[in-house]
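Structural features, examined
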Amino acid sequence: MTDTAELSHLGSLALSLAQEGGELAARLRAGTVEVAATKSSLVDVVTAADREVELLIRSRLAELRPEDSILGEEGADVVGTSGLTWVIDPIDGTVNYLYRLPSWSVSVAVCRGRPDPREWDLLAGAVVAPALGRTWHATKGGGAFRDGERIQVGAATELELALIGTGFGYRAAQRAAQAAVVAEILPKVRDIRRLGSCAIDMCLTAEGSLDGYYEQGINPWDMAAGELVVREAGGVVTGLGGQPASINMVVAGNETLAAELGRVVALSSQSGLGGV
Ligand code: LIP
């Protein structure tokens, strides 16, 4: 059990780490940003900034929370002894960052238990989007905030009037399957937004700027902080068919809309999504 004082401390630390990482990423973005490596495909890129921001956050955690574990997108796992794991996406929306588009963020969360969205106990999280001038944060049981103002998921319950965020993977076969799903969903909703950062999509859902979000192939670091922000804003984050959210599918929104969106996504996906 994590008491209120510890939750408050973890929340403040998640926020300050995300803010410091965001300041570094913004400074680096003001200069030349180049692709340092690729991962699952030629378009799945890593920049030197991704690596530098994660190194900065890791170094702060090694100093301030040496007993905690770390799961980061760009670095090796750190196994600690405290039962807490920090989940870091140094730059979520890396392609937007590379192209100087504003929808990118630094996402920092901490959970108790394994950093697996099927079972984690999220305690605190922060998403900082410097190019948008937005910061979202939440602690378990403490509510969700954007720039210090309390936020709440939207009230839309009719899918045909809902603005839905989604995204796509980096592999051609997966994208073809995801395109087939979005082609079936698009006529059933108000409109679709593909903004390029899961963390921001989930925070926009938490504040009602999107009515719902779904995506297949999301990693724990993409979604950890955003999931807590959605939940603390009164929303739900699920998978399909009553399953918990996972790399197989993430659906977010208010409870009614998320259920309807999940139902339609499941029907549209019955042709099978490309493998993850
Ligand atoms: C991104 C996700 C986004 C997805 C993008 C990309 P990354 O993460 O946050 O939801 O649609 O394709 O995967 O790779 O920028 O950290």
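Here the structure is shown first, and the text comes after it.
Keep in mind the model is a prediction, meaning the values are calculated, not measured. (Residues numbered from 1 in each chain as written. Predicted model: local features only at pLDDT ≥ 70, side-chain atom pairs only at ≥ 80, totals over all residues. Heavy atoms only, no water.)

Strand order in the open sheet formed by five strands is 11-10-12-14-13, with mixed pairing between adjacent strands. The outermost strands of the open sheet, each flanked by one partner alone, are strand 11 (191–193) and strand 13 (236–238). If you compare each strand with its neighbour and ignore which way they point, the axes differ by 20° on average. As judged from the four bridges shared by strand 12 (residues 212–215) and strand 14 (residues 250–253), these two strands associate in the antiparallel manner. Looking across to strand 14, one finds that Y214 is bridged to V251. (Pairing = 2+ DSSP bridges. Helix = DSSP H or I, 4+ residues; strand = E, 2+ residues; numbered from the N terminus. Axes fitted to C-alpha atoms, helices over the stretch in contact; angles between N-to-C directions.)

In the structure shown here, the tally under the stated rule is 16 salt bridges. Put simply, R118 and D116 hold a salt bridge, and the shortest N to O gap is 2.6 Å. By relative accessible area, which is 9% here, D116 ends up buried. Residues participating in the shared-partner salt-bridge network are R114, D116, R118 and E119. (Salt bridge = Lys/Arg side-chain N within 4 Å of Asp/Glu carboxyl O. Buried < 20%, exposed > 50% of the residue type's maximum accessible area, 1.4 Å probe, protein only.)

Next up on the list: the environment of A138. Structurally, A138 is set in strand 7 (residues 134–139). Residue A138 is classed as buried on the basis of its relative accessible area of 1%. Separated by 14 residues in sequence, A138 and A124 have C-alpha atoms that sit 5.7 Å apart. What A138 contacts, discounting residues up to four positions off in sequence, is A124, G125, G143, A144, L228, V229 and E232. (Contact = heavy atoms within 4.5 Å.)

The next subject is helix 4 (residues 172–185). At 3.6 residues per turn, the α-helix brings residues three or four places apart onto the same side. Taking 1.5 Å of rise per residue, the 14 residues of helix 4 would be expected to cover 20 Å, and the 20 Å separating its terminal C-alpha atoms lies within 8% of that figure. For helix 4, the full list of buried residues reads Q174, A177, Q178, V181, V182 and I185. Angularly, the buried residues of helix 4 cover 135° about the axis, an arc narrow enough to put them on a single face. Opposite the packed face of helix 4, turned more than 90 degrees from it, sit the exposed residues A172, A173, A176 and A183. On the buried face of helix 4, the contacting elements are strand 11, strand 12 and helix 7 (255–268). (Expected span 1.5 Å × (residues − 1). Arc of directions from axis to C-beta.)

Our next topic: the pairing of strand 14. Here strand 14 shows a buried face lined by V250 and A252 and a second buried face lined by V251 and G253. Both strand 13 and strand 14 contribute to a ladder of three bridges, which runs antiparallel. By the bridge assignment, V237 is partnered in strand 14 with A252.

For the rest of this paragraph, the subject is the side chain of T205. Residue placement: T205 occurs in helix 5 (residues 198–206). Residue T205 is classed as buried on the basis of its relative accessible area, which comes to 0%. In this structure the side chain of T205 is engaged in a polar contact, spanning 2.8 Å, whose partner is the backbone oxygen of D201. Other than its neighbours up to four places away in sequence, T205 contacts V153, G154, L210, D211, G212, Y213, A252 and G253. (Polar contact = N/O pair within 3.5 Å; in protein donor to acceptor, adjacent residues only side chain to side chain.)

With their axes 9 Å apart at the nearest point, helix 1 (residues 4–29) and helix 2 (residues 48–64) run at an angle of 150° to one another. It follows from the interaxial angle that helix 1 and helix 2 lie roughly antiparallel. The handedness of the crossing between helix 1 and helix 2 is right-handed. For the pair helix 1 and helix 2, the contacting residues are L13, L17, E20, G21, L24, A25 and L28 in the first and A49, E52, V53, L56, I57, R60, L61 and L64 in the second. (Parallel < 35°, antiparallel > 145°, perpendicular 65-115°, else oblique. Left-handed = near helix turned anticlockwise from the far one by under 90°.)

Here we come to a nonpolar patch on the surface. On the surface, a cluster of nonpolar side chains totalling about 320 Å² of accessible area is made up of L42, V43 and Y170. Within the secondary structure, V43 sits in the loop between strand 1 (35–38) and strand 2 (45–47). Accessibility expressed as a relative area gives 48% for V43, which makes it partly exposed. (Patch = residues over 30% accessible without salt bridge, like charges linked within 9 Å, V, L, I, M, F, W, Y side chains within 5 Å. Areas by Shrake-Rupley, 256 points an atom, 1.4 Å probe, with all protein chains shown as cover.)

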